[in-house]
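# Results of the structural survey
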Amino acid sequence: MKKEISIKDSIAIVSGANRGIGKAITEELLSRGIKKVYAGARKTESLAALQEKYGDRLVPLQLDVTNQTSVDNAAKVTVDATMLINNAGTMAHGGFNSENMLESINQNMEVNVLGVARLTQAFLPNIQNKSNTAVATVSSVVGLGSMPMMNGYCISKAAVHSMIQGLRGELQESNVLVAGIYPGPIDTDMAKGFEGIELDKPEALAKNVVTALERGEEDIFPDVMSAQVKQAYGTTPKEVEKMFSAWK
Ligand SMILES: NC(=O)c1ccc[n+]([C@@H]2O[C@H](COP(=O)([O-])OP(=O)(O)OC[C@H]3O[C@@H](n4cnc5c(N)ncnc54)[C@H](OP(=O)(O)O)[C@@H]3O)[C@@H](O)[C@H]2O)c1
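Since we're looking at a predicted model, the values are computed, not measured. In this convention, every chain numbers its residues from 1, walking through the sequence in written order. It should be noted that, the model being predicted, local features are given only for residues of pLDDT at least 70 and side-chain atom pairs only at 80 or more, the latter also being counted only at that level, while totals for whole chains, interfaces and linings use all residues. Side-chain metrics in this entry use all non-hydrogen atoms of the structure; hydrogen atoms and water are not considered.

### Description of the pairing of strand 5 (residues 133-138)
We apply this condition: Throughout this description, buried means an accessible area under 20% of the type-specific maximum (1.4 Å probe, protein chains only), exposed means over 50%, and partly exposed covers the range between. The helix count covers DSSP runs of H or I at least four residues long, the strand count covers runs of E at least two residues long, and both are numbered beginning at the N terminus. Paired strands are those between which DSSP finds at least two bridges.
For strand 5, the tally of buried residues reaches six of six residues, placing the bulk of the element in the interior. Along strand 5, one buried face is formed by T133, V135 and T137 and the opposite face, lined by A134, A136 and V138, is buried too. Of the pairings in the sheet, the one linking strand 4 (residues 83-86) to strand 5 comprises four bridges and is parallel in character. Within strand 5, the position partnered with I85 by the bridge is A136.

### Some details on the packing of aromatic side chains
The following threshold applies: Two rings from Phe, Tyr or Trp (for Trp, the six-membered ring) form a pair when their centres sit within 6.5 Å of each other. Planes less than 30 degrees apart are called stacked, planes more than 60 degrees apart edge-to-face, and all others tilted.
In this structure the tally under the stated criterion is one aromatic pair. Aromatic pair Y182 and F221: ring centres 5.3 Å apart, planes at 20°, arrangement stacked. Of this pair, Y182 sits in the loop between strand 6 (176-181) and helix 6 (202-215) while F221 sits in the loop between strand 7 (219-220) and helix 7 (224-235); the two residues are 39 residues apart in sequence, bridging distant segments of the chain.

### So, the sheet that holds strand 7
The condition is simple: Contact definition: two residues touch when any of their heavy atoms are within 4.5 Å. Angular values range over 0 to 180 degrees, each being the angle between N-to-C directions of two axes fitted as lines to C-alpha atoms, with helices fitted over their stretch in contact.
Spatially, 3-2-1-4-5-6-7 is the arrangement adopted by the seven strands of the open sheet, whose pairing is parallel. Edge positions in the open sheet fall to strand 3 (58-62) and strand 7, since each of these has one partner strand only. As paired strands, strand 5 and strand 6 are joined by six bridges and run parallel to one another. The partner of A134 across the bridge, within strand 6, is L177. Against the sheet, helix 4 (residues 101-127) touches strand 1 (11-14), strand 4, strand 5 and strand 6, its axis set at about 175° to strand 4.

### Observations regarding the site of the ligand
What counts here: Residues are labelled near a given molecule or strand when at least one of their non-hydrogen atoms is within 4 Å of it. Any N or O atom pair separated by 3.5 Å or less is treated as a polar contact, with the protein-specific requirement of one donor-capable and one acceptor-capable atom, and with residues adjacent in sequence counted only for side-chain atom pairs. Using a 1.4 Å probe, accessible areas were evaluated by the Shrake-Rupley method; residue-level cover was limited to the displayed protein chains. Throughout, the ten residues Ala, Val, Leu, Ile, Met, Phe, Trp, Tyr, Cys and Pro are labelled nonpolar, Asp, Glu, Lys and Arg are labelled charged, and all others, Gly among them, are labelled polar.
Around the ligand sit 26 residues, and of these N18, R19, R42, Y153 and T188 come closest. Between the ligand and the protein, one listed contact pairs an oxygen atom with a backbone N or O atom of G16 at 3.3 Å. Within the backbone of V65, one N or O atom sits 2.9 Å away from a nitrogen atom of the ligand. Here the ligand loses 93% of its free accessible area of 890 Å² to cover by the protein chains. Sorting the residues of the shell around the ligand by element identifies helix 1 (20-31) and helix 5 (151-170) as the ones contributing at least two each. Grouping the amino acids of the shell around the ligand by side-chain chemistry returns 11 nonpolar, 10 polar and five charged.

Note that every value here comes from positions in space, so none of it alone points to a role or purpose.
Laid out in structure tokens, this is it:
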């Protein structure tokens, strides 16, 4: 059963809505007529420009996904929400050739994995027994094949991919669309310093993500590079590993 989402009948929470991909998805949802977006940010003052632009339809929400109290408070004030976009993330570099490998894994796991698990768990009661509901979580193409230069980050995104599948399995009998988003390199602060790699724009990604949610797609490959990875992953996953291991 396809679980198509009507955006104009939705109310979303977006974590990390103040910049990058989260901001672009927030703006795309608002431009498609969503009722309201709870824009999650660690510092709500970073949402001032968005709030001015969208008025009452954009509700600033203090949200640090590593802080249980912040997450619980956010879930309490968003009982009318129907959609969660787990976007907040971090990238701590470090592979086996660096001294801070374990620290890097820890930092990535704390935000990217435990942060998503914490927020999703707190939010799920808000959408149970409602229709037109979704949990969409940003993993990455490097969650499907590791890139050596960012090993600790890839480990966390592979765990996010697994968590998406697990959640989808748990909620298969429900109305909730559980979607995974697998971007390639996107032009945000996180991608500063990616050299020799073409970056897609977050606004283009956001359009594709929202269209895919409307269609009820579970696996969303929203940019040029991720579309190539989808192709390779669908036929020979080993090719993805080879493709990424060439980038050092
Ligand atoms: N850019 C890419 O190439 C790319 C590719 C694939 C996947 N992704 C994923 O896409 C998502 C968004 O990344 P981006 O590229 O937009 O990166 P970004 O520009 O660095 O933005 C990261 C966002 O996450 C927020 N955040 C970080 N730690 C947080 C925490 N503990 N609690 C709440 N919010 C927190 C940041 O808030 P502050 O402003 O407070 O720091 C910011 O809003 C991430 O999950 C990332 O892993 C990115």
